[in-house]
Amino acid sequence: MKRAPTHSYPGLNLGRRHPGADKASEVVTFGFWVFLMSDLVYFGLMFAIYITMIDAQAGGPGPHELFDLKSIFAQTLILLTSSLTVGLAMLALKYNLPRSRIVLWFGVTLVLGLSFLVLEIRDFVAMADKGGIPQRSGFLSAFYGLVPLHGLHVAAGCLWLIVLGIQLRLMGLTDLLMSRVVRLALFWHFLDLIWIGIITIVYFGGLTYG
Amino acid sequence: MDRRSEMHRRERRRYVIGYGGSLLLTIAVFSIAYVFGIETKGVYLAIGLLGLAQLIVQLVYFLHIDRRRSSREDLDLVLFSTLVLLIIIVGTVWIMGNLAVRMHTIPM
């Protein structure tokens, strides 16, 4: 199949300036995209369970008592901003900016990712204090099956950022590492997409129908 | 060299536009929830549509998925996964909802 040279895999392409890394990225990034879509189906199942469980509150605390929209708003802004900074790190890589710039944007992304996790865990603790624990009701089991699953993905992304940062320091900008950065950026943007689904269906949907 | 920084500016602007658009949509969603309250189906419909718009903005500006020929295969994969997802979600909600009605846990 003939492909245009400008765009051969999802996400930002490294392009002609990095022919080796660009070539190395083509097949693996498409494969990674397939993984992300199967992950999407997994998240979709959890969403389906949540929707069917929304009324199964068994007299326990429901969305109105448990959800703190201010914290959700803050988490949304943090995750959205980190999606921008991971994109800027990609651009710094693509246009051969000094490596310190890449490390800077990686660092900002990591700090934002960790702050997101801190806020999310604080929310879970506050929920547990109000009696919102997974075993309380079907609704809460479904909630804890879905939202922390996303949090776990963010934590994995943070770990990936740290490992990749160390690798970049030790090995420099090799083709292999550049192609890994491409996939990390893709993963990170994907997590933001899932988060939009979570605020729309879990939080606002829960408050409307729960 | 000049062409390169021109390209860089253009691609950076693309990310910033995507960020600005997503930011506006996020703020719109939360303001609607704050001003109108989250009780009625009309408000939730508006929130859902804005969420969908934000998904599309991020797919286009962050993930660079669009109708260009070169990214068509990525788009195909997204659309097929979305189809599978919709079958799973709509099917589950339909069957479980129907079951709940028949078991009289929720009124007809």
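Remember, predicted model here, so these are calculated numbers, not experimental data. (Residues numbered from 1 in each chain as written. Chains lettered and ligands numbered in written order. Predicted model: local features only at pLDDT ≥ 70, side-chain atom pairs only at ≥ 80, totals over all residues. Heavy atoms only, no water.)

## A few points about the overall build of chain B
Assigned secondary structure in chain B consists of three helices and zero strands. From first element to last, N terminus to C terminus, chain B shows the α and β order α-α-α. In summary, chain B has a C-alpha radius of gyration of 20 Å against a globular reference of 13 Å for 108 residues, an excess of more than 25%. Projected onto the principal axes, the alpha-carbon positions of chain B cover approximately 70 × 40 × 15 Å. Split into buried and exposed, the 108 residues of chain B put 35% on the buried side. Within chain B, counting contacts between residues at least 6 apart in sequence, those at least 24 apart form 52% of the total. (Helix = DSSP H or I, 4+ residues; strand = E, 2+ residues; numbered from the N terminus. Rg over C-alpha atoms; globule rule 2.2 N^0.38 Å. Buried < 20%, exposed > 50% of the residue type's maximum accessible area, 1.4 Å probe, protein only. Contact = heavy atoms within 4.5 Å.)

## A few points about the confidence of the model for chain A
Averaged over chain A, the pLDDT score is 91; the fraction of residues at 70 or greater is 97%. Note that residues 1–5 of chain A has pLDDT below 50 and, in this model, six contacts with residues that lie over four places away or in other chains. (pLDDT = per-residue confidence, 0-100.)

## Thoughts on the layout of surface pockets
One number sums up the size of the largest pocket: a volume of about 1,200 Å³. Lining the largest pocket are 40 residues, and of these Ile201(A), Leu52(B), Leu55(B), Leu85(B) and Leu86(B) sit closest to its centre. Secondary structure elements with two or more residues in the lining of the largest pocket: helix H1 (19–53) and helix H6 (175–209) of chain A together with helix H2 (41–61) and helix H3 (72–102) of chain B. Ranked by residue count, the leading element in the lining of the largest pocket is H2(B), at eleven residues. Tallied by class, residues from the lining of the largest pocket come to 30 nonpolar, seven polar and three charged. (1 Å grid on protein atoms, 1.4 Å probe; cavity = no way out; pocket = protein on both sides within 12 Å on 5 of 7 lines; lining within 4 Å. Points joined across faces, edges and corners; volume = space filled by probe spheres on them. Nonpolar A, V, L, I, M, F, W, Y, C, P; charged D, E, K, R; others polar.)

## Digging into the packing of aromatic side chains
All names here are of chain A. Under the definition given, this model contains 18 aromatic pairs over all chains. Ring centres of Trp-160 and Phe-187 lie 5.5 Å apart, and the angle between their planes is 55 degrees; this geometry places the pair in the tilted category. Taken together, the positions of Trp-160 in helix H5 (residues 138–171) and Phe-187 in helix H6 put the pair 27 residues apart, joining distant regions of the chain. In this structure Phe-187 comes out as buried when scored by relative accessible area, which is 5%. Taken together, the ring pairs in this structure connect Tyr-50, Phe-67, Phe-116, Phe-124, Phe-139, Phe-143, Tyr-144, Trp-195 and Tyr-203 into an aromatic cluster. (Phe/Tyr/Trp six-rings, centres within 6.5 Å; stacked < 30°, edge-to-face > 60°.)

## A look at the interface of chain B and chain A
Residue-level contacts link 48 residues of chain B with 53 residues of chain A. Taken together, both faces of the contact between chain B and chain A bury some 4,600 Å²; the carbon and sulfur share is 74%. Interface area lost by chain B to chain A is led by Phe30(B), Tyr44(B) and Leu63(B), which between them contribute 15%. Here chain B is connected to chain A by one salt bridge. The shortest N-O distance in the salt bridge between Glu11(B) and Lys94(A) comes to 2.9 Å. Remark: the boundary between chain B and chain A carries six residue pairs in polar contact (both at pLDDT 80 or more). Those elements that provide at least two residues to the side of chain B that touches chain A are helix H1 (2–36), H2 and H3 of chain B. (Buried area = accessible area lost by both parts, 1.4 Å probe. Salt bridge = Lys/Arg side-chain N within 4 Å of Asp/Glu carboxyl O. Polar contact = N/O pair within 3.5 Å; in protein donor to acceptor, adjacent residues only side chain to side chain.)

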